[in-house]
Amino acid sequence: MRGPLTIGEHVLLVDRKRRRHMIRLAADGEFHTHAGVLAHSLLIGQDEGITVRTTRGAALLATRPTLSEYILEMPRGAQVIYPKDLGPILMLADIFPGARILESGVGSGALTMTLLRAIGPTGHVTGYEIRDDFADRARRNVEAFLGPDLPLTIEVRDIYAGIELRDLDRVVLDLPEPWQVVAHAEQALRPGGIMISYLPTILQVSTLRQRLAESAFGMAETLEVLHRGWNVDGQSVRPDHRMVAHTGFLTVARLLTPNE
Ligand code: SAH
């Protein structure tokens with residue numbers, strides 16, 4: 001992630017209209033746009049943040065993508081969780097270095113990457129994904145950004161049928177019926193362990209909250225995150241005209257220990 005740009009790395013190219021393109025550097029690679037061609041060799045060995053020109057003179061700013069930028073540009077199988085929600089998931093579920101996490105479904109791997117970054121090399125993420133094509137896609141996306149030898153196991157299986165792990169610190173869910181996981185998570189989490197669930201509709205949240213209320217989980221909370229960008233351009237300093245009005249709701253709960 002540091003030093004001059006090298007072959008195999010991703011580079012984000014930003015044009016004058018702030019359009020973004022992500023490329024992966026190859027020795028004789030070329031990036032083609034209606035505004036000309038850019039040889040990858042102009043980037044290899046350079047520091048990030050430089051501006052280069054296509055054969056037709058169009059300026060392109062070249063920088064390494066952040067995790068957020070990579071997630072927005074990477075190939076997707078399933079719909080990803082957006083950075084706006086990924087950051088809060090880390091705080092609400094209190095993801096820490098060394099944590100043992102079960103994640104399901106894995107989808108395109110956006111949340112997986114976020115978790116892997118936060119737990120570091122001493123933690124572990126096990127992902128249960130029901131579709132083998134999504135599991136493959138996710139593994140390729142994750143490794144292309146974070147490299148090989150990650151503390152990650154992806155298993156093609158249905159989490160509604162059970163969780164085989166025990167003594168987990170966290171269960172992180174992005175699937176349609178998380179209430180089907182509550183009883184399994186009670187078995188799989190250690191006392192004080194946290195479960196978090198991302199859900200697009202409030203009726204799903206309601207069903208989940210009801211099931212949580214009947215379970216050994218407590219301290220349940222639900223929230224949504226609104227993110228409003230601002231236009232800051234000379235005298236024009238105001239909120240952006242458009243914002244993403246809705247993505248999903250986050251529900252978090254903690255496994256309590258019943259009194260004897
Ligand atoms: N959080 C992911 C996106 C997950 S999309 C990301 O940020 O990239 C939801 C995923 O859950 C889909 O890939 C779907 O195949 C998977 N899924 C749905 N039901 C499942 C189940 N019962 N067990 C395991 N995975 C499931």
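Residues numbered from 1 in each chain as written. Predicted model: local features only at pLDDT ≥ 70, side-chain atom pairs only at ≥ 80, totals over all residues. Heavy atoms only, no water.

This part is about the domain arrangement of the protein. Segmenting the protein into domains produces domain 1 (10-65) and domain 2 (69-228 + 237-255). Between domain 1 and domain 2, a total of about 620 Å² is buried, with carbon and sulfur atoms accounting for 60% of that surface. Where domain 1 meets domain 2, there are one salt bridge. Here R20 ties to E69 by a salt bridge, and the two come within 3.4 Å at their closest N and O atoms. (Domains from an automatic or database assignment. Buried area = accessible area lost by both parts, 1.4 Å probe. Salt bridge = Lys/Arg side-chain N within 4 Å of Asp/Glu carboxyl O.)

With that out of the way, let us pick up the environment of D133. As for its placement among the helices and strands, D133 is situated in helix α4 (residues 132-146). Overall, the relative accessible area of 36% leaves D133 in the partly exposed class. Along the backbone, D133 and V156 are 23 residues apart, and their C-alpha atoms lie at a distance of 9.4 Å. Within the structure, the side chain of D133 is placed 2.6 Å from the side chain of R131, a separation counted as a polar contact. (Helix = DSSP H or I, 4+ residues; strand = E, 2+ residues; numbered from the N terminus. Buried < 20%, exposed > 50% of the residue type's maximum accessible area, 1.4 Å probe, protein only. Polar contact = N/O pair within 3.5 Å; in protein donor to acceptor, adjacent residues only side chain to side chain.)

Now for a nonpolar patch on the surface. Taken together, the side chains of W230, V232 and V237 define a hydrophobic patch exposed on the protein surface, amounting to about 330 Å² of accessible area. Within the secondary structure, V237 sits in strand β14 (residues 236-239). By relative accessible area, V237 is classed as partly exposed at 46%. (Patch = residues over 30% accessible without salt bridge, like charges linked within 9 Å, V, L, I, M, F, W, Y side chains within 5 Å. Areas by Shrake-Rupley, 256 points an atom, 1.4 Å probe, with all protein chains shown as cover.)

Three or four residues apart is the spacing at which side chains of an α-helix point the same way, because the helix has 3.6 residues per turn. For helix α2 (residues 83-92), the set of buried residues is K84, D85, L86 and I89. Buried-residue contacts for α2 involve α1 (67-73), α3 (110-119), β11 (189-199) and β15 (249-255). (Contact = heavy atoms within 4.5 Å.)

A separate point is the sheet that holds strand β5 (residues 50-53). What the four strands build is an open sheet, ordered β2-β1-β6-β5; its pairing is antiparallel. The strands lining the two open edges of the sheet, one partner per strand, are β2 (20-24) and β5. This sheet shows a mean twist of 35 degrees between the axes of neighbouring strands, independent of strand direction. Summarising the sheet, strand β1 (residues 10-14) and β2 pair through five bridges and their orientation is antiparallel. Within β2, the position partnered with L12 by the bridge is M22. (Pairing = 2+ DSSP bridges. Axes fitted to C-alpha atoms, helices over the stretch in contact; angles between N-to-C directions.)

So, on to the pairing of strand β4 (residues 36-39). Only one face of β4 is covered, namely the face carrying G36 and L38; the face carrying V37 and A39 is uncovered. Of the strand pairs in this sheet, strand β3 (residues 30-33) and β4 are connected by four bridges, and their pairing is antiparallel. Of the residues in β4, the one forming a bridge with F31 is L38. Counting the residues that bridge the hairpin from β3 to β4 gives two residues.

Turning our eyes to something else, we now look at the packing of aromatic side chains. Across all of its chains, the model carries one aromatic pair by this definition. Between Y70 and F145, the aromatic rings sit 4.4 Å apart at their centres with planes inclined by 20 degrees, giving stacked as the arrangement. Of this pair, Y70 sits in helix α1 while F145 sits in helix α4; the two residues are 75 residues apart in sequence, bridging distant segments of the chain. Residue Y70 is classed as buried on the basis of its relative accessible area, which comes to 2%. With a relative accessible area of 12%, F145 lands in the buried category. The side chain of R131 reaches across the aromatic face of F134, ending 3.8 Å from its centre. (Phe/Tyr/Trp six-rings, centres within 6.5 Å; stacked < 30°, edge-to-face > 60°. Lys NZ or Arg CZ within 6 Å of the ring centre and 35° of its normal.)

For the rest of this paragraph, the subject is the packing of α3 against α4. Look at α3 against α4: their axes get within 9 Å of each other, and the N-to-C directions meet at 40 degrees. Classified by the angle their axes make, α3 and α4 are oblique. Crossing of α3 over α4 shows right-handed handedness. On α4, the residues that touch T112, M113, L116 and R117 of α3 are N141, V142, F145 and L146. Residues that form the contact of α3 with α4 fall into these classes: five nonpolar, two polar and one charged. (Parallel < 35°, antiparallel > 145°, perpendicular 65-115°, else oblique. Left-handed = near helix turned anticlockwise from the far one by under 90°. Nonpolar A, V, L, I, M, F, W, Y, C, P; charged D, E, K, R; others polar.)

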